[in-house]
Amino acid sequence: MGGFSAEDDAFMRRALAQAQAAEAVDEVPVGAVLVSAEGEVLAEGHNLTIRHSDPCAHAEINVLREAGRKIGNYRLLDTTLYVTLEPCAMCAMALVHARVKRVVYAASDPKTGACGSVFDLLEDARHNHRVLGQGGLLGEEAGAQLSAYFKAKRRRD
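The structure displayed is predicted, hence computed values, not measured ones.

About the criteria used
Residues numbered from 1 in each chain as written. Predicted model: local features only at pLDDT ≥ 70, side-chain atom pairs only at ≥ 80, totals over all residues. Heavy atoms only, no water. Helix = DSSP H or I, 4+ residues; strand = E, 2+ residues; numbered from the N terminus. Rg over C-alpha atoms; globule rule 2.2 N^0.38 Å. Contact = heavy atoms within 4.5 Å. Areas by Shrake-Rupley, 256 points an atom, 1.4 Å probe, with all protein chains shown as cover. Lys, Arg positive; Asp, Glu negative; His and termini not counted. Charge placed at Lys NZ, Arg CZ, Asp CG, Glu CD. Axes fitted to C-alpha atoms, helices over the stretch in contact; angles between N-to-C directions. Parallel < 35°, antiparallel > 145°, perpendicular 65-115°, else oblique. Left-handed = near helix turned anticlockwise from the far one by under 90°. Nonpolar A, V, L, I, M, F, W, Y, C, P; charged D, E, K, R; others polar. Buried < 20%, exposed > 50% of the residue type's maximum accessible area, 1.4 Å probe, protein only. Pairing = 2+ DSSP bridges. 1 Å grid on protein atoms, 1.4 Å probe; cavity = no way out; pocket = protein on both sides within 12 Å on 5 of 7 lines; lining within 4 Å. Points joined across faces, edges and corners; volume = space filled by probe spheres on them.

## Looking at the overall build of the protein chain
- When helices and strands are counted, the protein chain shows five helices and five strands.
- Helices (α) and strands (β) of the protein chain occur, in sequence order from the N terminus, as α-β-β-α-α-β-α-β-β-α.
- For the protein chain, the C-alpha radius of gyration of 14 Å lies close to 15 Å, the compact-globule estimate for 157 residues.
- For the C-alpha atoms alone, the extent of the protein chain along its principal axes is close to 45 × 30 × 30 Å.
- Of all intrachain contacts in the protein chain linking residues separated by at least 6 positions in sequence, the fraction that spans at least 24 positions is 59%.
- As displayed, the protein chain offers around 7,900 Å² of accessible surface, 52% of which is attributable to carbon and sulfur atoms.
- Separation between the mean location of the 18 positive side-chain charges and that of the 21 negative ones in the protein chain comes to 4 Å.

Spelled out as structure tokens, the structure:
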């Protein structure tokens, strides 16, 4: 893990801003940005599971859906997804099916992470497409944001 560029840093900061937008509407603060090979932002968004009463409305899924509609294709070839939390199994498999080239995530998820923490679905040799997964970019910042959100939520509840 590692080997991140200044461009990677900038896009992850944009994903962190999306995570803040999620928190502002009392969603779990996870944000994502999907970028083309040319550096164009195809879609960005955040978790909306609570607001939409939809267990599938994770940041990654919302962004994949928006980008697919934008380009008119469910295959999102040569794209990079920046996301503030390691994708779960649902999101990891959606990334494989969408043929995303690379996923850069900030904080690892030791409970449900599917990019190496608990499962490693992105680069599994049994798939006919593999997604390069890289974690740890601004992970402390994203992890602190998530921890603070859940700590405050426990105090409210």
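Let's pick the thread back up.
## Here we look at the packing of helix α3 (residues 59–71) against helix α4 (residues 89–98)
- Running from N to C, α3 and α4 cross one another at 25°; their axes reach a closest spacing of 9 Å. The angle between α3 and α4 places the two elements in the roughly parallel class. Here α3 and α4 pass one another in a crossing that is left-handed. For the pair α3 and α4, the contacting residues are E60, I61 and L64 in the first and M90, C91, A94, L95 and A98 in the second.
- Split into classes, the residues belonging to the contact of α3 with α4 amount to seven nonpolar, no polar and one charged.

## Details of the pairing of strand β1 (residues 31–35)
- Burial runs high along β1: five of the five residues are buried.
- Alignment of β1 against strand β2 (residues 41–46), held across five bridges, turns out to be antiparallel. Each bridged residue has a counterpart across the sheet, and for A32 the counterpart in β2 is G45.
- Following β1, the chain reverses through five residues before pairing antiparallel with β2; G39 in that reversal takes a positive phi of roughly 90°.
- Across four bridges, the pairing between β1 and strand β3 (residues 80–85) is antiparallel. Looking at β3, one finds that L34 is bridged to L81.

## Details of the layout of surface pockets
- Counted as a void, the largest pocket has a volume near 410 Å³.
- Of all the elements in the fold, those that place two or more residues in the lining of the largest pocket are α2 (49–52) and α5 (139–156).
- Per-element accounting of the lining of the largest pocket gives the leading share, five residues, to α5.
- Taken together, the residues of the lining of the largest pocket break down into 12 nonpolar, seven polar and four charged.
- Within this model, the second largest pocket holds a volume of roughly 170 Å³.
- Around the second largest pocket sit 15 residues that line it, and S36, A37, D78, T80 and R102 are the ones nearest its centre.
- Breaking the lining of the second largest pocket down by element, the ones donating at least two residues are α1 (6–24) and β3.

By themselves, these are just geometric observations and shouldn't be taken as functional.
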